[in-house]
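Observations on the three-dimensional arrangement
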Amino acid sequence: PARGGVQGSGSIYLIENHADTSLMTLRYAFKGADIAVAEKPFEAAGRHFGAGTWIVRKTDGAALSRKLAELDLDAWAVASEPNVASHKISAPRIALMHTWLSTQTEGWWRQAFDKLGIPYDYISTQTVARNDVRAKYDVILFAPIGADNSQLVLNGLPLWGNAQPWKKTALTPNMGIDETDDIRPGLGASGLAHLQRFVEQGGLLLAAGDAARFAIDVGLAPGVSVTEKKDLKVVGSILQGVTVDEAHPVAYGYAKEFAMYS
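Residues numbered from 1 in each chain as written. Predicted model: local features only at pLDDT ≥ 70, side-chain atom pairs only at ≥ 80, totals over all residues. Heavy atoms only, no water.

Across the five residues of strand S3 (residues 34-38), five count as buried, placing the element largely inside the fold. Residues Asp34, Ala36 and Ala38 point to one face of S3 and Ile35 and Val37 to the other, with burial holding for every one of them. Bridging between S3 and strand S6 (residues 54-57) involves four bridges; their strand directions are antiparallel. The residue bridging Asp34 from the neighbouring strand is Arg57, located in S6. Relative to strand S8 (residues 86-88), S3 runs antiparallel, the two sharing three bridges. The partner of Val37 across the bridge, within S8, is His87. (Buried < 20%, exposed > 50% of the residue type's maximum accessible area, 1.4 Å probe, protein only. Helix = DSSP H or I, 4+ residues; strand = E, 2+ residues; numbered from the N terminus. Pairing = 2+ DSSP bridges.)

Here it is as structure tokens:
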């Protein structure tokens, strides 16, 4: 297996960004470190570093080297900070929001976070309906719902008959990750207002798949629309991607042309 580590000497560490997901693991492993990301390419330590390179300061070099080896990442130690525009990156407080309609699809996202060692709170749309979430979270990830029906997410299931609890009991001992007395209520008008306020106050809402359609349908992404796929089917295909805006932070670590798997 490839092994990473630190090359050179100095108290400033430069870590190239090749869009490795393990960079997220590293960020949360060193929450107290002062880390900035370069906004433009630069030269240092006899190497060319691209936009998105991490500039790490105020950290234990030995501990960093051990973690880099574990994550198969490389760093170059330098004596002085490179002269390049940069901005700091934090370790954001993350919530993964789910509905009670289905928890199968977003379970894969929870597994990915667990494997990467990224801390998060697992909250439901009912939690958001009851609480102002901006004070507690910087990022809300709304993973695929598994029910392509925005009104169902908003309004929930019909409230006739008895409540439908999802709770840990002697008969259901493995239901402890989240609980509710009744799975039927949805996000509701109050929850939508809380999400709108979350975004307005600087929170980042990430929605994927049918959750992205929900964000568009309820007006959380003005100016964005869905293009219907019609007869196009690319599932299982390898596609060629082209980076349009290389200066955008989302594009850090990607080449001008790259392959992506659907």
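In the structure shown here, the tally under the stated rule is six aromatic pairs. Measuring from centroid to centroid gives 5.5 Å for Phe113 and Tyr120, while their planes differ by 85°, and the two rings are edge-to-face. Classification of Phe113 as buried rests on a relative accessible area of 13%. The exposure class assigned to Tyr120 is buried, which follows from its relative accessible area of 17%. Pairing Phe142 with Phe214 gives two aromatic rings, centres 5.8 Å apart and planes at 85°, and the pair type is edge-to-face. Pair noted here: Phe142 is in strand S11 (residues 139-142) and Phe214 is in helix H7 (residues 210-217), with a separation of 72 residues, a long-range link. Chaining the aromatic ring pairs together yields one cluster made of Phe42, Phe49 and Trp76. Across the ring face of Phe49, the terminal group of Arg47 is positioned such that the distance to the ring centre comes to 5.8 Å. The ring centre of Tyr122 lies 4.7 Å from the NZ or CZ of Arg110, which sits over that ring. (Phe/Tyr/Trp six-rings, centres within 6.5 Å; stacked < 30°, edge-to-face > 60°. Lys NZ or Arg CZ within 6 Å of the ring centre and 35° of its normal.)

Moving on: the pattern of salt bridges. By the definition in use, this model includes 12 salt bridges. The shortest N-O distance in the salt bridge between Lys88 and Asp34 comes to 3.8 Å. Remark: Asp34 occurs in strand S3 and Lys88 occurs in strand S8; sequence separation between them is 54 residues. Taking relative accessible area as the criterion, Lys88 reaches 60% and is therefore assigned exposed. When its relative accessible area of 13% is taken as the criterion, Asp34 is described as buried. Put simply, Glu246 and Lys256 hold a salt bridge, and the shortest N to O gap is 3.8 Å. Of this pair, Glu246 sits in the loop between strand S13 (238-242) and strand S14 (257-261) while Lys256 sits in the loop between S13 and S14; the two residues are 10 residues apart in sequence, bridging distant segments of the chain. Salt bridges sharing common partners tie together Asp34, Arg57, Glu81 and Lys88. (Salt bridge = Lys/Arg side-chain N within 4 Å of Asp/Glu carboxyl O.)

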